[in-house]
Every structure is written in structure tokens, then in C-alpha cells.
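Fold and geometry: a report
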Amino acid sequence: MRDFVFVAVGMSSYLLVMIHCYPNGQVAEVCDSLLPNHGGSIPQTSQAPYTITVSSTIFSPGDQITVTLQANSGTTFKGFLLQAHTVGKSTTVGSFLVSDSSAQILQCNSVQNSAVSHTSATAKSKVSAVWVAPSGLSQILFSGTFVQSYSTFWTQVESRALLSKQISGDDCGLEKFCFSNSQGCNPANASCFFMSLAPSSGGGFTFQMSALSDGYVAVGFSDDKVMGNDDIYICVTNAGRIDIQRGSSTVQKTVDRTSLITVPGNMTSFESGVIKCSFSTENIITTPDGNSNGSYYIFLARGPSLNGIIQEHTQTPLITNDKVNTSEIISVVAQDSSSSVSTSVRAHGALMLIAWMTTGSIGMVFARYLRYSAKRPIFGKELWFQVHQALMVLTVAATITAFVVIFADVKGWVYDAGAHPVLGCIVMILSFFQPIIAFFRPDINDKRRIIFNYFHAANALIIKVLAVAELFLGLQLIDTTANLWQAKVLGGFVGWEALTIIILEVNFYLTRKGSSAYEIADKKVNKDYIVVNIYVVGNLAFLIALLVGIGQS
């Protein structure tokens, strides 16, 4: 979408009115229509011999920007009209102050002090006014009409675009497309993971991004929901500054930096771990496959960097649910799109947490520490064994289901998920063979039984360690909160489990010391029951907290 700000459309009538009917510049009555009503003169199509310059290309709410209308050497103008507009819109914005005797303030489009015009038809070579910036704007420009004579005038003379210093979501859905990690996300907050896209003069776009990141924040445009073959715009830390880059990713997820044509007025900052950047570019969005039709899935990612080069992102990127037509900017937030973690991913994470925080962990505790105290037969087998077997069957079933769910959802290998899928496959394979090996265990009196016992226990320990590592990696991929609290809760669970195991192991050693199996059984080992019950309650508390977190992702 090309960005134009019009002071007028069909200015020929208005320009003549300014000189002949309104030599005093009181033209408010024709500000809205600006339709020709004279002898048919039309605007000049040649390059205007006039310019509109500004004292600053960046602004904050309340800033005063000096706007100067200047004629080229040897040229003058008799009449003019000056307005400020949001890029791509015709409604006037902000207000003007004047001290130049050649200029006066007008009310156009029912907005007080929204335009400036001439006070007389005398020849002028330079006129200045002050524009006061309002809040809630991302990019504006000034547009003016210059009248040289009755039949000679120029319209749509534009200034350089001005960018707001303030990254804001105030005008989302009105002036720009917004995408964030939560409804009503305020970029002023460090936890807000935010980007916006608005039309820019020159045929490109204005980007605004804000993220808690020590490396980079980037927005990508893709033909599908799989990363690779994307057009990427990046703000990356480099030696204490923020560099603005454009990248093109390949199927292997490597990123090659390409040319980026930006216009002056870029704003970047890196404070308290938060990257903020605002810039305009004349580039047309085009994926490496040559798609420039304007409709793309939009990715929002962040991660570490090294010497100004982006590294693999640390969390699953936010992704729009549907393609966004960049020529018809609309408002989208995470709750209304799949920037929230998909149902399949949440189900996968929940099943793995249940399997390896609860059923698997409790099943292993029963087999290790309650085999002597929970020997009452149930259905022909001792209680500890029945509980262990049932819980481990549930663990394997949950692991297999989680594995199937995620592979059915992504329909292939996710290259950008790091070590998580690799560990997941290893856990899946070892978990699958664990019950098969147990089915062929030797008789309890067989001399090879001790070999089976050690192998079975060692394999379970390896699975548990890898599963916990996988859980940490998985939570980092889906946790978009500023403090990554889900991984911290899982860390608390690991500490809780380690403390419980130490207590159980000490009690188990002291109970067995100098006692036979029958003597151990006679002691009932009530302490084990108490500790295991406390462990189960704590286990469930940690699990519920993490399931709630996944549900909110």
C-alpha cells in the first residue's frame, strides 16, 4: 500500500479560490471537499519547485516540530495549505502554532488548529509553522499545496515521514497491524512481546518491535507456518547498539542478510534487557520463493545474538493463525491467532508432564522404596508391583500419545526446535522397549534376575533424566512470559523430588542395614508411607501449576 497524505484531492478549484476568492487564506469552508469550481485548471505534474522540511524526523507526544515551506531559488508562491496526516490516511492529526505573519491557523475537517494557510496573496519564498504532536501515532508526514499563479499550482508536495519515538498499541486496528503475545499488550511493559506494521511513504512499511531479549527481535513473513524461505526484518544488539537488518532464511533455517533500504529517522534502544526499535523501509516484502502478493503468515521471534549475528531463537515464535494481507492492515493479537500455542502442542506438553512428573516418577518411587512395606497381595501380585506396573503402563501410553500428537500436528521434523525433538525421540524409543524388556524378565530365583534388575533400573533412570531435560527444553519453547516462570516451577519440582529421594534413600538404607527382607517387612516402614504421601501431594501441586501455565500459553 503506497502511503500518501493528501492536503487535497482535486485541488485545482481550491487553489484558485485561495488566490482569487480567498486572498486572506480563510478557506475552511472548502477544506473537506476541495473540488474544482473554476475554469478547469489542473495541478502541475512536473516536479514542484517547493519543499516541505521538518526540524526532526522523530517525535514523542507533545513535541513541537518546526515545519518549513520553502521555494527554490528564484521562485515564490502566493498561496498554500499545510496539514499533517497519518501515513495512508486523509484525516488531519496534531495541531499547529504559528508566529509567522504570512501564516494563519485553520480548522479543517472539524479539527481545531489542524491546518495552516496563507494570510495574503503576496509572493512568499519561505513560511514556517510549529506542529504539536499528539499521542497514539506511529508515523506521520506533512503535505502541502503551493499556488504560484491562477493556473499554476502543485498539490501533494510531501515532507519526509516522521516516526514516533514511542512504540504504542494505541492505534492498532486503526492505523496499523499489531501482533503481540497477549490481548491489550502494552509495549511500555517489559513483558509485552510486540510488533506493529504500518504503511510507509515510498511504498514500504514502518516496523515497530519491542521484546525482552538480550540478542534480537525479528519479524518474518512466510508462505506457510514452517520457518524457512521467509523474508525477515531484524533488530539485533551489536557492541552496545541496535542494528537494523533484513534477512532471508533457507529451508535449513540459516539466515542470509540481504539489502535493506531504510529511510532516515530510525529509533532504537536497548535498556534493562528490552530491545525497542522503530524504522521505515522502502523494501517490498518478498519471500525467497518470489512471493510478493502481500499475503503472508507473520512470525515474531526473539533470541540470542553473537557479534551482531542472530542465533537460533530460544522460544517458539508467535505465528498468526491465518495469512495477513499486508495491503489491508488489520488488528490481530495472540488470543485471536495461533500465536498462542496450538492445542496439539499444549496437549503434547501436558501429556509429557503427566508422564514424567507424576505417573512415571511415582511409579519408580513405589518400585524402589515400597517393595518391602507394600507387599499385601492384590489380584495375585504384591501391591507395590501392581501400582508400579499400572503407573508405568500409563507413563508409556502417555509418552506414545504425546509423540503421535505432536508429529501429526507438525507433519514432520521441526528443525528449529533444537535438541527437544531429538531427546523426545530417544525417550520415546527407550520408553517403548522398557515394558517389553520387563515382560521377558527372568524368574525371581534365576541367577540372571539381578542383571535384569540393574539394567531395568538403569534404563529407567536414563529415561527419567532425559525426560526432565526434554521438559525443560519444551517449556522454554512455549513459555512466552517475561520471567519464564514455567521453567522455574519445573526447577522447583526437580529440587523437591531430589530432596524427597534423599530422605527416602537414607531411610531405606537405615531400614535395610543389618536386616533381612522379612525383618524389613515386619517393621512396616511407616516412614516411607508418610514421605511418599507428602511427595505425591507436592508432585501434584507442581504438576497443576505447570498444566495451568501450558493452558494459558
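This section reports on the structure supplied with the text. (Residues numbered from 1 in each chain as written. Predicted model: local features only at pLDDT ≥ 70, side-chain atom pairs only at ≥ 80, totals over all residues. Heavy atoms only, no water.)

As for the nonpolar core
The cut-off we apply is this: Nonpolar cores are built from buried Ala, Val, Leu, Ile, Met, Phe, Trp, Tyr and Cys residues. Side-chain atoms within 4.5 Å join them into one set. Buried means the residue's accessible area, taken with a 1.4 Å probe over protein chains only, is under 20% of the maximum for its type, while exposed means over 50%, and partly exposed covers the values in between. Strands here are runs of E lasting at least two residues and helices are runs of H or I lasting at least four, both read from the DSSP assignment and numbered beginning at the N terminus. We call two residues in contact whenever any of their non-hydrogen atoms come within 4.5 Å of each other.
L353, W356, M357, L471, L490 and L546 are the most contacted members of the largest nonpolar core, which has 36 residues in total. Only α2 (343–369), α3 (383–410), α5 (449–478), α6 (485–512) and α8 (526–552) provide two or more residues apiece to this core. Per element, the largest residue contribution to this core is ten residues, and it comes from α2. Not counting residues within four places of it along the chain, the set of residues in contact with W356 comprises S361, T395, T399, V427, S431, I463, K464, A467 and L471. Residues V67, F80, A103 and L137 belong to the second largest nonpolar core, which totals 27 residues.

Some words on the sheet that holds strand β5 (residues 95–97)
Our working rule: Two strands pair if DSSP finds at least two bridges between them. Convention adopted: a line fitted to C-alpha atoms gives each axis, helices being fitted over their contacting stretch, and angles between N-to-C directions are expressed from 0 to 180 degrees.
Spatially, the four strands line up as an open sheet ordered β1-β3-β8-β5, and their pairing is antiparallel. Each edge of the sheet is formed by a strand with only one pairing partner; in this case those strands are β1 (50–54) and β5. Taken pair by pair, the neighbouring strands of this sheet meet at an average axis angle of 30 degrees, ignoring direction. Relative to strand β8 (residues 126–132), β5 runs antiparallel, the two being bridged by three bridges. Residue L97 lies in a different strand from β8, and its bridge partner there is V130.

What to know about the pairing of strand β13 (residues 194–199)
Looking along a regular strand, one sees side chains alternate from face to face of the sheet. Burial of β13 is extensive: six of the six residues sit out of reach of the surface. Here β13 shows no split at all, with F194, S196 and A198 on one side and M195, L197 and P199 on the other all buried. Where strand β12 (residues 177–180) meets β13, four bridges bridge the pair, whose relative direction is antiparallel. The residue of β13 that forms the bridge with F179 is M195. Bridge count between β13 and strand β14 (residues 205–212): six bridges; the pairing is antiparallel. Its bridge partner being in β14, S196 is matched across the sheet by Q208.

Some points on unusual backbone geometry
Backbone geometry places Q156, a non-glycine residue, at a positive phi of 55 degrees. Turning to its location among the elements, Q156 is positioned in strand β10 (residues 152–158). Notably, S272 is not glycine yet its phi reads approximately 55 degrees, a positive angle. Take S272: it is sitting in the loop between β19 (267–271) and β20 (274–281).

Without other data, these values stay purely geometric and don't point to any function.
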